Amino acid sequence: MDPEYDLIVVGGGPAGSTAAAAVAMRGHRVLLLERETFPRYQIGESLLPATVHGLCGILGVAEEVAEAGFTLKRGGTLRWGRDPKPWQFSFSMTPRLPEPTATAFQVERSRFDEILLRNAARVGAEVREGSTVRRVVADDERVRGVEYTDGDGNARTAYGRYVIDASGNTSRVHSGVGGRRVYSDFFRNLAVFGYFAGGRRLPEPNRGNIFCAAFDAGWLWYIPLRDDLTSVGAVISPEHTAAVQRDPRSAWQDMIRACPEVAELLDGVPAATEPPYDQVRVRKDWSYWKTSFWTPGMALVGDAACFVDPVLSSGVHLATYGALLAARAVNSALDGSVPEERGFAEFEARYRREYGVFYEFLIAFYDMERNDASYFWSAKKVTKVDSTEVAAFAELAGGLVSGDSAVLGPDRLGDHWSAAAAELEGAVGRLATTDDRVNPLLSTRVVGETFRTGNDLQEQALYGGPLDGTGPTGPGHLVASADGLGWDTARGTAAPRGDE
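Residues numbered from 1 in each chain as written. Predicted model: local features only at pLDDT ≥ 70, side-chain atom pairs only at ≥ 80, totals over all residues. Heavy atoms only, no water.

Taking an unreviewed UniProt entry as the reference, the protein chain is identified by name as Tryptophan 7-halogenase belonging to Streptomyces doebereineriae. Taken directly from UniProt, the Sequence similarities (unreviewed entry) text for the protein chain runs: "Belongs to the flavin-dependent halogenase family. Bacterial tryptophan halogenase subfamily." (UniProt positions renumbered as here; feature names shortened; annotations may be inferred.)

Listed below in C-alpha cells is the structure:
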C-alpha cells in the first residue's frame, strides 16, 4: 500500500476542485476522480462574496471568474417578514472590503465548476473524469486509498496518504467517516425548480440580486443568470411530495402562480427550452450533518459532510471553505509543520462552527416570516425546533457557535435563538428608515457572525490575513499561513475570532 499520491480527492465540484488545487499548489501529488465529464449541470447558482473574492483569490482563479461574464450580484432582495414590500440587503458589510469586493455573481454552475476543475489541473492535480469511486481502501489504522472504475470501465485502485470525499449528497463513501447523518426536522423541505427563457429584472442597482419571496406554501427563489435565463425554484414542505411526484412541472407552475411577486416578473415569459435548462427537477432539501467530519486518512467536505437550507446561498461557500480547511490540514501534515491530529481537529472545529452560524441565522430568518395561518410557516418558528434536534445541534456546534465562549447546552439554545430572531427582525424593520451609510443588519450578532468568516477569507486573499490580526477559534491555536493554504502556529495571539 505504498502511496502513489499525497491526496486523492473524490468529486470534482467546487469542494473537490478547491481541495485538489490547494494541495497541488504546495507541490504535492494529487489525484482527483470525478464520475461525470465536465461541463455538467448542477444546481446552486447564487454565490457569496467569500467564494468570489476570497476562495477564488487564494486559488488564483478570481480574474478568470470575473471575466467569465456572470451576472453581478450586489446582495439580495426579499419579500419576507412583516413588511409586505420587498426589502434589500447589500454585501457592503465593511469599509475594508469596498467595491468591487462587496459583490458576488449569479453563475451557471456548469461553467463556474469547470473553471475551478480546470484550474486544479493547471496547478498540478491529475484530473480523471468519468471515474466512479466505489469504496475506500482502509485497514485498522486509517484510510489508505480508493477503488474506482475508470473511464474505460476498468477496475482500479489508487493509494494515497489522504483521501477527501467531496462527492456530494449522493456520496458512496461518506459512511466511512462519522457514522450516520443527523437530519434536521426543522429544515426538512422539498425543492422543485426549473428555468425561464428570460424574465423581468429588479430596478438598478439591484438588477442582479437574487429575489426570495415567502408565500403560503413556503418560499421561492428567482435568480437572474442571463438576460435570457432565470432560475426559479420553490422550497416547500414534504406534504406536497405526492403532487410534485405526480407532475413536477404543473406543481412548479402552481407554486409560482401562488406567489404574486414572482409571478408578475414572469408574466408572458416562456419556460426555457435550452438543454439542460428545459427540465423541471426535484430535490429533497433535507438539511443534515455528520457526527464527525474526519477519521485518520480521510475527511468529508461539501454535501458529503453537511448541507443546510439554501435561502442564504451558502452551499458553495460552505463546500469550498470546508475544502480549504481540509487542504490546510493535509498540507501542514505533509510538510511536517503541524501534526495530523492537530490540523484536522482545527479543520473540524472551524467547519462545524461555520455550519452552525449559518444554521442559526436561518432559524432566526425563518422565524421572521409572520404567515402564521400557513402550515409551512407555522412550523418554522424557533419554538417548533424539535428537542432532539436542539440536542444534536448543541453537540455539533458547542461553544464554537456565534462566538459564545461557554458551551451552549440544549436548555439554553431555545432562548439564544429566540433572541437572535427578535434582534434580526428589529434590524430588518429599521432598514427602510435608516441612512444609506448605516446598515442596521450589521449591528446584529447573528448577521455579524454569519459573514465574519467570509470577510476574513476575502482579507486573506487581498492582504495575506485579516487586517485586525486576530487569533484562532479552534482547539489547536492555529492560524492560516500567509498564502491561505496551510496552518501556521507562529502567527496570531489575540483573542479567539473567525477564520484567519
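Having seen the structure, we can now continue with the description.
## Digging into the overall build of the protein chain
When its secondary structure is counted, the protein chain shows 13 helices and 20 strands. Overall, the C-alpha framework of the protein chain stretches about 60 × 50 × 45 Å when taken along its three principal axes. Here the protein chain holds 500 residues, and the buried ones make up 60% of them. Sequence-distant contacts, at least 24 apart, represent 72% of the contacts inside the protein chain between residues at least 6 apart. Approximately 18800 Å² of the protein chain is accessible, and the part contributed by carbon and sulfur atoms is 49%. Across the protein chain, the centroid of the 52 positively charged side chains sits 1 Å from that of the 67 negatively charged ones. (Helix = DSSP H or I, 4+ residues; strand = E, 2+ residues; numbered from the N terminus. Buried < 20%, exposed > 50% of the residue type's maximum accessible area, 1.4 Å probe, protein only. Contact = heavy atoms within 4.5 Å. Areas by Shrake-Rupley, 256 points an atom, 1.4 Å probe, with all protein chains shown as cover. Lys, Arg positive; Asp, Glu negative; His and termini not counted. Charge placed at Lys NZ, Arg CZ, Asp CG, Glu CD.)

## Considering helix α11 (residues 387-397)
Among the residues making up α11, those that are buried are E389, V390, A392, F393, A394, L396 and A397. Contacts made by the buried residues of α11 are with β11 (181-196), β15 (281-290), α9 (340-368) and α12 (410-430). For α11, the side-chain oxygen to backbone nitrogen distance between the N-cap and T388 is 2.8 Å, and the N-cap itself is D386. (Polar contact = N/O pair within 3.5 Å; in protein donor to acceptor, adjacent residues only side chain to side chain.)

## Observations regarding the packing of aromatic side chains
Evaluation of the coordinates by the stated rule reveals 35 aromatic pairs. Both rings, one in F196 and one in W252, keep their centres 5.0 Å apart while their planes meet at 35 degrees; by these two values the pair is tilted. You can see F196 sitting in strand β11 and its partner W252 sitting in helix α6 (residues 248-257), a full 56 residues away along the chain. Among the residues examined, F196 registers a relative accessible area of 8% and is labelled buried. What makes W252 buried here is its relative accessible area of 0%. Sitting above the plane of the F293 ring, R352 keeps its charged end 5.8 Å from the centroid. (Phe/Tyr/Trp six-rings, centres within 6.5 Å; stacked < 30°, edge-to-face > 60°. Lys NZ or Arg CZ within 6 Å of the ring centre and 35° of its normal.)

## Things to note about the pattern of salt bridges
All told, the structure shown has 36 salt bridges when counted by the stated rule. For the salt bridge of E141 with R144, the shortest nitrogen-to-oxygen distance reads 3.0 Å. Judged by its relative accessible area of 21%, R144 is partly exposed. A salt bridge links R156 to D150, with the nearest nitrogen and oxygen atoms 3.8 Å apart. Counted as one network, the salt bridges with shared partners bring together E108, R111, R226, D228 and E274. (Salt bridge = Lys/Arg side-chain N within 4 Å of Asp/Glu carboxyl O.)

## So, α6
Residues lying three or four places apart along an α-helix face the same way, a consequence of the helix completing one turn every 3.6 residues. Those residues of α6 not exposed but buried are A251, W252, M255 and I256. Along the long axis of α6, the arc covered by the buried residues comes to 140 degrees, so they all point the same way. (Arc of directions from axis to C-beta.)

## Description of the nonpolar core
Counting residues in each nonpolar core, the largest one holds 136 residues, and the members touching the most others are W80, F347, Y359, Y366 and L424. Among the elements that take part in this core, α9 stands out by supplying 14 residues, more than any other. Aside from chain neighbours lying at most four places away, what touches W80 is W87, C212, A214, W219, V311, F365, Y366, M368, E369 and W377. L190, F215, M255 and L266 belong to the second-largest nonpolar core, a separate cluster that totals 24 residues. (Core = buried A, V, L, I, M, F, W, Y, C linked by side-chain atoms within 4.5 Å.)

## Quick word on the sheet that holds strand β18 (residues 306-307)
Reading across from one edge, β5-β4-β12-β13-β14-β11-β15-β18 is the order of the eight strands in this open sheet, with mixed pairing throughout. Each having just a single partner strand, β5 (87-90) and β18 make up the two edges of the open sheet. Looking at chain direction, strand β13 (residues 218-226) and strand β14 (residues 229-236) are connected through eight bridges and run antiparallel. Bridge pairing in β14 links Y222 to V232. Packing of α9 onto the sheet brings it into contact with β4 (75-79), β5, β11, β13, β14, β15 and β18, and relative to β11 it is tilted by some 70 degrees. (Pairing = 2+ DSSP bridges. Axes fitted to C-alpha atoms, helices over the stretch in contact; angles between N-to-C directions.)

## Overview of the packing of helix α1 (residues 14-24) against helix α8 (residues 315-334)
Where α1 meets α8, the closest approach of the two axes is 8 Å, and the angle between their N-to-C directions is 30 degrees. When the interaxial angle is binned, α1 and α8 end up roughly parallel. For the pair α1 and α8, the sense of crossing is right-handed. Across from P14, A15, T18, A19, A22 and V23 in α1, the residues of α8 making contact are V316, A319, T320, A323, L324, A327, V330 and N331. (Parallel < 35°, antiparallel > 145°, perpendicular 65-115°, else oblique. Left-handed = near helix turned anticlockwise from the far one by under 90°.)

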